[in-house]
Amino acid sequence: MTSVLGISLLGLALMAGPTMAFLSIRDGVSTHVSITRTAVLQKVAEACRVVAKKDGHEFQPTGSSPEELVQACLGPTATGEVSGVNFLSALQKIYKQNGLVDHYFVNSAPHHFNSEAFLQGRALITEGMVAIKANIREQNFQAARETLGRVLHTLQDFYSHSNWVELGYTEPYTNLIHPDMLLENLADVNTATCSDCASGTCPNPILPNILKEKKLTSGYMETSSTKPKGKCSHGGTANLDSTVPHGGINKDVPRSDNVALHNAAVNAATAASRELLEDIRSAAGDNDFLRMMGIARSSVVCFVIDTTGSMSDEIDEARELVYRIIDSRKGTQDEPSEYILVPFNDPSFGPMIRTTDPDKMKKEISELKVNGGGDIPEMCLSGLQLALTGAPDYSEIYVFTDAPPKDIILKDTIVALVGNTKSSVSYLLTRKSRRRRRSLGASPFEDYKDLALASGGLAIQVLKTELPDATDVILDTSTSALVTVLQRTRNPGKQETFPFLLDESLQNVTIYITGTSITFTLTNPAGVSQSNTEASGKLGTIQTVGNLRRVRLNADKQTGTWQININSNQPYTFKVTGQSTITFIYDFVESFKGPHPGFAVLSGRPQAGQPATLMISVMGRKGPSFMTLGYIGLVTVSGPEAVTKGTMTDMGVGNILVTVDEVPEGEFVVILRGTDKVSNTEFQRQSTTQMSVSKVNIQAVVDSSAEPGKAFKLPFSVMTQGSGGQFHISARNDRNFSMSYPSSLTLTTGKYTNDTLTITPPASTPSGTDVTLTVEAKSSSGADSNYIVLRLSVVTKITDFVQPLCEVVSVLADDCPQDVSQCGPFQWELSANLTDGNGTGIERISLQQGDGTLSYTSLSAPIIQANYNASCCSQIVEFVAVDKVGNVGKCYQSIVHLGGPPALTLSLPLWLCLLVSAFVMRP
């Protein structure tokens, strides 16, 4: 809570750790990160336990690392390695957005529940929850995560910045997440709330009458000219008001005078976070809730396929490939968690088809038809843009085409999206014959090669007859736990030896070399060598297809330093991959000042002329405690090779803050080395996405949803540390929504210039649609540029905030014996009526707790009759009713014996329960 939080590092770590931007959790300080982490992991574990039980296995993690949690959630029937990278990436996305509230909205009272802005703060929470539920309904999980992080920050701040715990309340204020419930007993603007605290460290400066009357208030951070007389200040080192009353009431950090209040605020904020997550989980269902949290097998199969007339062979091969992936990987950890298909031709592209159902993907790809074309260039980059914005971060995307791009204007946008998502794009580029290649010119696919290089992917050129052999690359890389050990490119080509380190955890190690007129020799740590002329040798098997050499190392590979000597006078690329749970994710960050200083994640390129700062999170087979890092640096992929070592600060739990004083010129990647304590072997990993620095900086933030049919205004700012002058502004979105923005801005060195982009979603846009915006600023000479990538949710304004009602009609449990050990032969029954009143109607009813059978009448009926039958051994039932806008109502019943005859506990109607809750919680 920089805000129940000490100083937040934007939530870039799983837990707080000892460093200048965190206060140690071991010293008793809790952060937004630790509060969010505690709540999220508990709800994820609960959902995993339910899903595992339905799948017929127990949820029994062997440890607390992301890898072990994901492995236990997916279950023992799926064999093989599983990576926790998607889970950790999703958690980090939530944490980062949580922390951004302190950066971009530090002076916004509603975002922090300061200055008694209770109604406005509650509106941010409830509107955000509507957007999250709508996003999940549309399978837009990345947008849901971002909004969730921001909403949780505001909710958590309530308990640190208000006097809720001073009033004696220990449970969450449920009304904050239910807009149909009143916020009552709020102190009005003329009511004094605090006494003066000259020392600034008074235990509780709240006035006695405020405490007695249970009036709700919060501290002010404004200057004395805007702070009403007698109001509480925020207090602490961040206090901006030194006038009477002095002191403050925030419980951001524990002090000698407020330890008990700080701890109470932490506990209440954690419970409130769990309550909000439970509401979202109930609305989404366990499976989609877990997908939103990144609990899934790591592999996502994503195809972007040219469907013009000349592509029938490629479509046939892609179809067969999908069938092979689906049929061969079912029940393994390499079974794709999602399938994405984006067709394109000329002049159309899309729609993006995404599904978790393999049979649906078989059907979709079987129905692809070739049509159009004739002028060779196609709308390839438009289709790729859809895939990059729809696929999860760190995805492997495969493009099938035989023609250069017509929409080359999107090239910079694709580079921006690749940098933002860190996804890898590989191209399978085909031609009917060498004669056709000459007719198109020497390098018709040069732009694709550039984009593949920028993303760390491959550009494979083959004849159409060779395509079946080339698709083995997709079988290699569309797997769980894929990592890159080393990747380099040389243009022009030259003879060079590349060393690389293989560790014990690596499996299915494969080397890819693309280029022409290439010879190479591979040597293992023992000095055994194999040349490119040996298709099957002592070290592995070599396959040549088109411009690709694929070397698959034997399973008995040696650990240690290998090397490969490559010789060619033509451009070439070299890449070593494998499967391993040892991996890392990273972000470039920048520090920010203010009342709650920290670090903000950069959307675009790091700033030139200053040290680069990265936050790196490392994962291993049993978590980060089983690994030590010895080296992290930035290295150029294209020669001559330049390496810059970073200074590491351990943030705890596998999170490292890295500062690099001098960034290599040109394009660079992140490389790290360390030791795996499980096997006691050294490992090496490399990021795939190439980055570079820029003197241009763009700032913009999205903190609300757009409405269908209404213009949405997005302020943005641009600044350059280089030469001022005219800068070209371009903006694009993946939905082709209408936009207006300035085509250029005149920049003054070191000063931000402000303007506004306006985007208007069509009135027919489905609620929950997410839009990815890319804004780029480029100097008039084109020598320098930067970008920012933002997600905007389009959500239909709703007026139905009332949960479905549940009234238990009868409970027949008289046959259940008092001795639970004798329960086996006996049954009990429950009947209930459910209705949504004048709301949107109940859309789904599901069993949340209980081992019995739930049945119900038609959901379209005004009153739905539900019946539940269970063994007397299963003594609790809870089922959930969700209406069409995501409001959640619950029925709960227990027949637990409290001594004497069987208990007959009738659940109260939900509306009455809510009234009771509102009365109990009312300040």
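Predicted model only: the values in this text are computed from it and were never measured.

Check the secondary structure of the protein and you find 18 helices and 39 strands. Over its C-alpha trace the protein gives a radius of gyration of 29 Å, about what one expects of a compact globule, namely 29 Å for 923 residues. C-alpha extents for the protein along the principal axes are approximately 85 × 70 × 55 Å. Counting every position in the protein, which comprises 923 residues, the buried fraction comes to 59%. When contacts within the protein are restricted to residue pairs at least 6 apart in sequence, long-range pairs at least 24 apart make up 73% of them. Total accessible area on the protein stands at roughly 34700 Å², and carbon and sulfur atoms take up 51% of it. Distance from the positive charge centre (76 side chains) to the negative charge centre (91 side chains) of the protein: 4 Å.

In the structure shown here, the tally under the stated rule is six disulfides. Covalent S-S linkage joins Cys48 and Cys73, the inter-sulfur distance amounting to 2.1 Å. Disulfide Cys48-Cys73: torsion about the S-S bond near -100 degrees, hence left-handed. Note that Cys48 is positioned in helix H1 (residues 32-54) and Cys73 in helix H2 (residues 66-74), a separation of 25 residues in sequence. Pair check on accessibility: Cys48 and Cys73 agree, each one buried. Two residues, Cys197 and Cys202, share a disulfide whose sulfurs are 2.1 Å apart. Its S-S torsion of about 100 degrees marks the bond between Cys197 and Cys202 as right-handed, since a negative value means left-handed. Owing to a relative accessible area of 24%, Cys202 belongs among the partly exposed residues under this scheme.

Val44, Leu148, Tyr159, Leu276 and Met293 are the most contacted members of the largest nonpolar core, which totals 59 residues. Within the residue set of this core, elements represented by two or more residues are H1, H2, helix H3 (85-104), helix H5 (118-137), helix H6 (141-161), helix H8 (259-284) and helix H9 (286-292). With sequence-adjacent residues up to four places away left out, Met293 is seen in contact with Val40, Val44, Phe87, Ala90, Ile94, Leu148 and Leu277. With 50 residues, the next largest nonpolar core counts Val304, Leu381, Ile632 and Phe683 among its residues.

This part covers the sheet that holds strand S29 (residues 744-747). Across the sheet, which stays open at both edges, the four strands sit in the order S29-S27-S31-S32 with antiparallel pairing between neighbours. Of all strands in the sheet, those bounded by a partner on one side alone are S29 and strand S32 (785-794). For this sheet, the mean angle separating the axes of adjacent strands, direction not counted, is 25 degrees. Bridge count for strand S27 (residues 725-733) against S29 is four bridges, and the pairing is antiparallel. Note that in S29 the partner of Gly725 across the bridge is Leu747.

One ladder, built from four bridges, connects strand S16 (residues 583-592) with strand S17 (residues 598-601); its direction is antiparallel. By the bridge assignment for S17, Phe592 is matched with Gly598.

If you walk through the whole model with that rule in mind, you get 19 aromatic pairs. When the ring of Phe113 is compared with that of Phe118, the centres are 6.1 Å apart and the planes differ by 35 degrees; the resulting orientation is tilted. The class for Phe113 is buried, based on a relative accessible area of 0%. Relative to Tyr159, the ring of Phe158 lies with its centre 4.8 Å away and its plane at 85 degrees, an arrangement referred to as edge-to-face. Across the pair, exposure class does not vary: Phe158 and Tyr159 are buried alike.

What follows is about the confidence of the model for the protein. Put simply, the protein has an average pLDDT of 86, and 90% of its residues get 70 or more. Mean pLDDT values over the elements of the protein span from 31, in helix H18 (residues 910-921), up to 98, in strand S30 (residues 753-760). Segment residues 2-28: pLDDT under 50, and 117 contacts once partners within four positions in sequence are set aside and those in other chains are kept. Here residues 898-923 is a poorly scored stretch, pLDDT under 50, and it has 53 contacts once near neighbours within four places are set aside; other chains count.

Extensive coverage of helix H12 (residues 380-390) is indicated by the burial of eleven of its eleven residues. If you check which residues of H12 are buried, you get Cys380, Leu381, Ser382, Gly383, Leu384, Gln385, Leu386, Ala387, Leu388, Thr389 and Gly390.

This part is about the environment of Ala387. In this structure, Ala387 sits in helix H12. Judged by its relative accessible area of 0%, Ala387 is buried. When the C-alpha atoms of Ala387 and Met352 are compared, they prove to be 7.1 Å apart, with 35 residues separating the residues in sequence. When sequence neighbours within four positions are dropped, the list of residues in contact with Ala387 reads Cys302, Val304, Val342 and Ile397.

Bringing unusual backbone geometry into the picture now. With an omega of 20 degrees, the peptide bond between Asp346 and Pro347 qualifies as cis. Here Pro347 shows up in the loop between strand S2 (338-344) and strand S3 (353-355). Not every positive phi belongs to a glycine, and Glu116 is a case in point at roughly 60 degrees. Its place among the elements puts Glu116 in the loop between helix H4 (109-112) and H5.

What follows concerns the side chain of Thr523. Here Thr523 lies in strand S10 (residues 519-523). Looking at Thr523, the relative accessible area reads 15%, which means it is buried. Side-chain polar atoms of Thr523 contact the side chain of Ser529, separated by 2.9 Å. Setting aside anything within four residues of it in sequence, one finds Thr523 in contact with Val528, Ser529, Leu539, Trp562 and Gln563.

So, on to the pairing of strand S12 (residues 540-545). Summarising the sheet, S12 and strand S13 (residues 548-553) pair through six bridges and their orientation is antiparallel. Directly across from Thr544, in S13, lies its bridge partner Arg549. Remark: two residues form the turn of the hairpin made by S12 and S13, two consecutive strands paired antiparallel; Gly546 in that turn has positive phi of roughly 60 degrees.

Conventions we followed
- Residues numbered from 1 in each chain as written.
- Predicted model: local features only at pLDDT ≥ 70, side-chain atom pairs only at ≥ 80, totals over all residues.
- Heavy atoms only, no water.
- Helix = DSSP H or I, 4+ residues; strand = E, 2+ residues; numbered from the N terminus.
- Rg over C-alpha atoms; globule rule 2.2 N^0.38 Å.
- Buried < 20%, exposed > 50% of the residue type's maximum accessible area, 1.4 Å probe, protein only.
- Contact = heavy atoms within 4.5 Å.
- Areas by Shrake-Rupley, 256 points an atom, 1.4 Å probe, with all protein chains shown as cover.
- Lys, Arg positive; Asp, Glu negative; His and termini not counted.
- Charge placed at Lys NZ, Arg CZ, Asp CG, Glu CD.
- Disulfide = S-S within 2.5 Å.
- Core = buried A, V, L, I, M, F, W, Y, C linked by side-chain atoms within 4.5 Å.
- Pairing = 2+ DSSP bridges.
- Axes fitted to C-alpha atoms, helices over the stretch in contact; angles between N-to-C directions.
- Phe/Tyr/Trp six-rings, centres within 6.5 Å; stacked < 30°, edge-to-face > 60°.
- pLDDT = per-residue confidence, 0-100.
- Polar contact = N/O pair within 3.5 Å; in protein donor to acceptor, adjacent residues only side chain to side chain.

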